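Each chain, written out:
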Amino acid sequence: MSSVRDHVLDQYNSRVYKNRKEHVITIGDKQPDEVTANTRTIPGIITQRGCCYAGCKGVVLGPIKDALIIVHGPIGCSYYAWGTRRHKAESDVKDGEEAKSYLEYCFSTDMQESDIVFGGEKKLKKAITEAVDIFNPPAIFICSTCPVGLIGDDIHAVARWAEEEYGIKCIGFSCEGYKGVSQSAGHHIANNQLIRYIIGTGDKKPKKKFSVNILGEYNIGGDGWEVERLLRRCGIDVVSVFTGGSSVRDIKNAHHADLNLVQCHRSINYVADMMYEKYGIDWIKVNFIGSESCKKSLAEIGEYFGDEELKTRIQEVITDEMLNNADEMQYLKSKLKGKTAALYVGGSRSHHYQTLLKDFGISTVLAGYEFAHRDDYEGREVLPDIKPDADSKNIESITVEPDKKYYRVYLTDEQKAALAEKGVKLNYYEGMFKEMDEGSIICDDLNHFETEEFISILKPDVFFSGIKDKFIAQKSGTLSRQLHSYDYSGPYAGFQGAVNFGKDILMGLSTPAWGLVRAPWKKVPSLSATLGGEE
């Protein structure tokens, strides 16, 4: 596999090679197990990354159903972050408090050239007034895009005006797209404002003995609902979800939960760490993608709470769920075993889905992230070694103090040490490296050229991708499954979700339509010319 890496990288000129060689490594090779990540993409290379605004509005804030989110910027920015991720939600009533869903709407100030020249604050105020008149939402979020940061509109002053004028929660998010190096910067900005202005403002406590928040779960295709179903079946109360299908109504009470469960580490680890510092709430890195992963995660939750009755109930649920799906899982594995896959996705999905692929006997030959940091690859033990650069200093990193009213400790240090001996690590993520097979390739910020080259050489049976890069795989005749919004399928989380996933993969491999595609220029010349200078 090292020769594969070298073959791809050797095609670059010396300057590009010097940069990219640190982003691509082979597991088990003589290279150091250290990857360069969270740095700027080389200008001119076709990256698959998104921007800071996409990470803030599109990923973290977008799924909050009862927050009316106004994008202050050109209409194209708003459209880019709306209606593409399939984060499902529905209006509901809990304890007499309704949470409406505004996800089907797209709100924007639609800035024009004149607004760029003369300023857009008046237009933003007018948009807020119109939104209040029509929808009367409990909360309004303002997300700014590139032009707003360049001309200096003060969205935070407008947010304060709206709170005084209308008596509702209004928060500004300065998530201009040019900040940071990718959408990861937007995650951080969203996390900061959630801990500042929403978490800790509610007073409704959980009704059950054991309660959790699910962090980094965005309910793509209904994933979050399936995870909630499993936990509640075990007797565990879900206070809030960050942020799929969730609401300001629920998130404001998150500080009352006993434990945080972190699904997507990259997008939500900031809130997990700050809630630990401010409220004393421990977090466990979980993975509800794959049968074996679900089994392990649920068992670790039971070990954390240490209640024998709860642990027995969890084991009963695991046994029942696995028995219900055993025949289908066995059949799917008999059809899929021995296949190979490549994964290039955001969040923690490139890691999570490798465990689900292993359930079916599918091996991973290539994996990478769009916007990861080194700890997502190597584990949080490398955090002290990561040096801040100019781009990371662009993003505000806030500190919090223990809350005098709500800070509490659920487990003693001795209990935490006993958990560690059982293999349950608190407030820690091991990263993707440790579970990958020797010889597989890690590639951070995989670009268009590298995607084509690796597909051509490694010939994976299926390429799991994001929204943009899926077309590269399809044009090469390789089956592509989209893991950012599931190609209109799902849920893939939980025990039943694993079956849904296996069926979709088998269906794709059994209908190799993309393998029949031939580019027009391979049959008919797309250019015609004559030799100049002839009479």
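Just so it is clear, the model here is predicted, and its values are computed rather than measured.

> Please clarify how the pattern of salt bridges should be interpreted in this entry.
Where charged atoms of side chains with opposite charge meet at close range, the side chains can pair. Taken as a whole, this structure holds 36 salt bridges when the rule is applied. One salt bridge connects E450 with R20, and the closest N-O pair in it is separated by 2.8 Å. Linking E450 in helix α19 (residues 448-458) with R20 in helix α2 (residues 14-20), this pair joins segments that are 430 residues apart in sequence. The class for E450 is buried, based on a relative accessible area of 0%. Taking relative accessible area as the criterion, R20 reaches 2% and is therefore assigned buried. Here K503 and E328 are joined by a salt bridge, their closest N and O atoms 3.0 Å apart. Of this pair, K503 sits in helix α21 (residues 494-510) while E328 sits in helix α14 (residues 308-336); the two residues are 175 residues apart in sequence, bridging distant segments of the chain. By sharing partners, the salt bridges in this structure join K65, D92, K94, R249 and D250 into a single network.

> How should empty space enclosed by the protein be read in this particular structure?
Empty space among the atoms can be located by rolling a probe the size of a water molecule over them. Within the structure shown, the criterion is met by 3 cavities of 30 Å³ or more. What the largest cavity holds in volume is close to 140 Å³. Forming the walls of the largest cavity are 14 residues, and the residues nearest its centre are K57, G62, Y102, L103 and Y105. Here the lining of the largest cavity is built from residues that sort into 10 nonpolar, 3 polar and 1 charged. Here the second largest cavity defines a volume of roughly 50 Å³. Residue lining of the second largest cavity: N19, R20, H23, T39, R40, T41, I42, I45, D445 and N447, and that is the complete set. In terms of residue class, the lining of the second largest cavity is made up of 2 nonpolar, 5 polar and 3 charged.

> How should I be thinking about the sheet that holds strand β8 (residues 211-217) in this particular structure?
Hydrogen bonding along the main chain pairs the strands of a sheet, whether they run parallel or antiparallel. Strand order in the open sheet made by the 4 strands is β9-β8-β10-β11, with parallel pairing throughout. Of all strands in the sheet, those with a lone pairing partner are β9 (237-243) and β11 (283-285), marking the two edges. Adjacent strand axes in the sheet meet at a mean angle of 25° when their direction is disregarded. Pairing of strand β10 (residues 259-262) with β11 involves 3 bridges; the strand directions are parallel. The partner of L261 across the bridge, within β11, is I284. Lying over the sheet, helix α10 (residues 223-233) contacts β8, β9 and β10, oriented at roughly 160° with respect to β8. Together, β8, β10 and β11 form the strand contacts of helix α13 (residues 291-305), whose direction differs from that of β10 by roughly 160°.

> Hey, could you run me through the layout of surface pockets in this one?
In this structure, the largest pocket encloses a volume near 1,000 Å³. Lining the largest pocket are 37 residues, with N38, Y270, H373, I386 and S392 sitting closest to its centre. The set of elements that each furnish at least two residues to the lining of the largest pocket consists of α9 (184-197), α12 (265-279), α16 (374-378) and α17 (390-393). Ranked by the residues each element gives to the lining of the largest pocket, the list is headed by α12, at 6 residues. A per-class count over the lining of the largest pocket returns 12 nonpolar, 13 polar and 12 charged. Empty space within the second largest pocket amounts to approximately 550 Å³.

> What am I meant to see in a nonpolar patch on the surface here?
On the surface, a cluster of nonpolar side chains totalling about 650 Å² of accessible area is made up of I116, V117, F118, L150, I151 and Y178. Of all the secondary structure elements, the ones that give two or more residues to the nonpolar patch are α5 (113-118) and α7 (146-151). The greatest single-element share of the nonpolar patch, amounting to 3 residues, is contributed by α5. Relative accessible area serves as the criterion here: at 41%, Y178 is assigned to the partly exposed category.

Calculation rules
Residues numbered from 1 in each chain as written. Predicted model: local features only at pLDDT ≥ 70, side-chain atom pairs only at ≥ 80, totals over all residues. Heavy atoms only, no water. Salt bridge = Lys/Arg side-chain N within 4 Å of Asp/Glu carboxyl O. Helix = DSSP H or I, 4+ residues; strand = E, 2+ residues; numbered from the N terminus. Buried < 20%, exposed > 50% of the residue type's maximum accessible area, 1.4 Å probe, protein only. 1 Å grid on protein atoms, 1.4 Å probe; cavity = no way out; pocket = protein on both sides within 12 Å on 5 of 7 lines; lining within 4 Å. Points joined across faces, edges and corners; volume = space filled by probe spheres on them. Nonpolar A, V, L, I, M, F, W, Y, C, P; charged D, E, K, R; others polar. Pairing = 2+ DSSP bridges. Axes fitted to C-alpha atoms, helices over the stretch in contact; angles between N-to-C directions. Contact = heavy atoms within 4.5 Å. Patch = residues over 30% accessible without salt bridge, like charges linked within 9 Å, V, L, I, M, F, W, Y side chains within 5 Å. Areas by Shrake-Rupley, 256 points an atom, 1.4 Å probe, with all protein chains shown as cover.

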